[in-house]
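Chain by chain, the residues:
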Amino acid sequence: MRAKSASDKNSVFIGVAFILIAAIVGVGGILWKNFVEYTSNSSGLPDVFSGITSRPPYDPTVNPDERDQIIFTFTIPRGDLVKFLEIMQPHLDEIVKKTGKTAHIDISTNELEVVSKVERRIADFGSISTMGYLLLRKNKPITAVLERFSDPPKRSIFVVKKDDPASSLADLRGYRIAYRSNDSLPGYMIPTRELKKLGYEHSTFFKQEFFSENFSDSILGLQNDQYDCIVLASNFFLEQSESVRKTMKIIHESQPVPGGVYFVNSHHRSSYEQILVGNFIKYLPKVSDSEMFSGMFKVKQPDENSFELLEKEYGGEP
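The rules behind the values
Residues numbered from 1 in each chain as written. Predicted model: local features only at pLDDT ≥ 70, side-chain atom pairs only at ≥ 80, totals over all residues. Heavy atoms only, no water. Core = buried A, V, L, I, M, F, W, Y, C linked by side-chain atoms within 4.5 Å. Buried < 20%, exposed > 50% of the residue type's maximum accessible area, 1.4 Å probe, protein only. Helix = DSSP H or I, 4+ residues; strand = E, 2+ residues; numbered from the N terminus. Contact = heavy atoms within 4.5 Å. Pairing = 2+ DSSP bridges. Axes fitted to C-alpha atoms, helices over the stretch in contact; angles between N-to-C directions. Salt bridge = Lys/Arg side-chain N within 4 Å of Asp/Glu carboxyl O. 1 Å grid on protein atoms, 1.4 Å probe; cavity = no way out; pocket = protein on both sides within 12 Å on 5 of 7 lines; lining within 4 Å. Points joined across faces, edges and corners; volume = space filled by probe spheres on them. Nonpolar A, V, L, I, M, F, W, Y, C, P; charged D, E, K, R; others polar. Arc of directions from axis to C-beta.

Asker: Any chance you could explain the nonpolar core here in plain terms?
Answerer: Burial of nonpolar side chains together is a common tendency in soluble globular proteins. Grouped together as the largest cluster of nonpolar side chains are 36 residues, with contacts concentrated most on Tyr133, Phe158, Leu172, Leu185, Phe206 and Phe263. No other element matches the five residues that helix 5 (residues 185-197) contributes to this core. Residues in contact with Phe206, not counting those within four places in the same chain, are Leu172, Gly174, Tyr175, Ile177, Tyr179 and Leu195. Core analysis: the next-biggest nonpolar cluster, separate from the first, contains 30 residues, Phe72, Tyr262, Met296 and Phe297 among them.

Asker: Is there a simple way to think about the sheet that holds strand 8 (residues 229-233) in this case?
Answerer: The mixed open sheet is built from five strands, whose spatial order is 7-6-8-5-9. If you trace the sheet from one side to the other, it starts and ends with strand 7 (208-211) and strand 9 (248-253), each paired once. When strand polarity is set aside, the average angle formed by the axes of neighbouring strands in this sheet is 30°. Two elements, strand 6 (residues 176-179) and strand 7, share four bridges in a ladder whose sense is parallel. Its bridge partner being in strand 7, Ala178 is matched across the sheet by Phe210. The strands touched by helix 5 within the sheet are strand 5 (156-161), strand 6, strand 7, strand 8 and strand 9, with strand 5 carrying the most contacts at an inclination of about 85°. In this fold helix 7 (residues 215-223) packs onto strand 5, strand 6, strand 8 and strand 9, with an angle of close to 150° to the strand it touches most, strand 8.

Asker: Looking at this model, I keep getting lost on the pattern of salt bridges. Mind explaining?
Answerer: By the definition in use, this model includes 13 salt bridges. Between Lys117 and Asp106 there is a salt bridge; the shortest N-O distance is 2.6 Å. In this pair, Lys117 is assigned in helix 3 (residues 111-119) and Asp106 in strand 2 (residues 102-108), connecting sequence segments eleven residues apart. Residue Lys117 shares its accessibility class with Asp106, and that shared class is buried. Measuring nitrogen to oxygen at the nearest pair gives 3.3 Å for the salt bridge that ties Glu242 to Lys246. With relative accessibility at 49%, the residue Glu242 sits in the partly exposed group. Here Lys246 falls in the exposed class, since its relative accessible area comes to 53%. Each member of the salt-bridge network shares a partner with another, and the members are Asp106, Glu113 and Lys117.

Asker: Is there a simple way to explain the layout of surface pockets in this structure?
Answerer: Rolled over the atoms, a probe with the dimensions of a water molecule shows which regions are left empty. By volume, the second largest pocket is sized at about 440 Å³. Lining the second largest pocket are 23 residues, with Gln255, Pro256, Val257, Pro258 and Leu310 positioned closest to its centre. The set of elements that each furnish at least two residues to the lining of the second largest pocket consists of strand 4 (142-148), helix 5 and helix 11 (304-314). Ranked by the residues each element gives to the lining of the second largest pocket, the list is headed by helix 11, at six residues. Residues belonging to the lining of the second largest pocket are distributed by class as follows: ten nonpolar, five polar and eight charged.

Asker: When you look at helix 10 (residues 273-283) in this model, what are you seeing that I'm missing?
Answerer: Within an α-helix, residues lying three or four positions from one another point in the same direction, as the helix has 3.6 residues per turn. Glu273, Leu276, Val277, Asn279, Phe280 and Tyr283 are the residues of helix 10 that are buried. For helix 10, the buried positions fall inside an angular range of 165° around the axis, keeping them on one side. Across from the buried face of helix 10, at angles greater than 90 degrees, the exposed residues are Gln274 and Lys282. In this structure, the buried side of helix 10 is in contact with strand 1 (69-75), helix 2 (81-96), strand 3 (125-128), strand 4, strand 10 (261-265) and strand 11 (299-300).

In structure tokens, the structure reads:
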């Protein structure tokens, strides 16, 4: 048997490399379609890929006024994306059905990107936190058309394990705490303000501070002893199963917190905007309070006065 020449070895290496690259590209393509290009119009795909297309949900070269789709853009915490798509798409399909158009979900990496897409008319409706809206509306052409709310009202809550001896904020000194993110109103700004009201500086009050970026991960971290205390939005807490809620206890809750907003481009108002706003409001009774992401459909007309008050109190943060 003759020894392989350098040319043979190179050919084998190139062949293997080509196969690996092809596999990576193939898998990447599936992931891209599965997690980003989610739409309700697909055919010929297995059930697991229902609602997925091989093309983006919009064509940026088409005049936005002539699109057959109404595009909603969101930011989704890591870990919640697939569930979000599965739950949101059927509801949005119903809401837009009478417009003669189809609903498409677009995923943005952050709230600035959500606003940028609506500003450039790549998307028709954006959904962001109230704090994000207050900060970005100052220099972006956006206006809120719907405000999300909770019943009971959404609050920021401090949560520990069921058997933890803590019963008040004062008992949390030296604990390891997990917030959601430093730009989250219920997940950071309000909790740290609650501590400040009692004379505690959060950066020295706690042993360690973490940002989970996701309320689901906060709960998981509490259950696995990564954190001693976590901050949650009360509506998220109530969406958890009874078995999960029973593993925790609330030791402090804030005053009511406003929800996020749906907004549009204030310079280019569409002819179907009011139809969709009305459909969103009328759709509320069809969504179960216990359903995950049900808060995305609990909406009302925006309260500009509450926005102004909130901006005065938290406008300089984070």
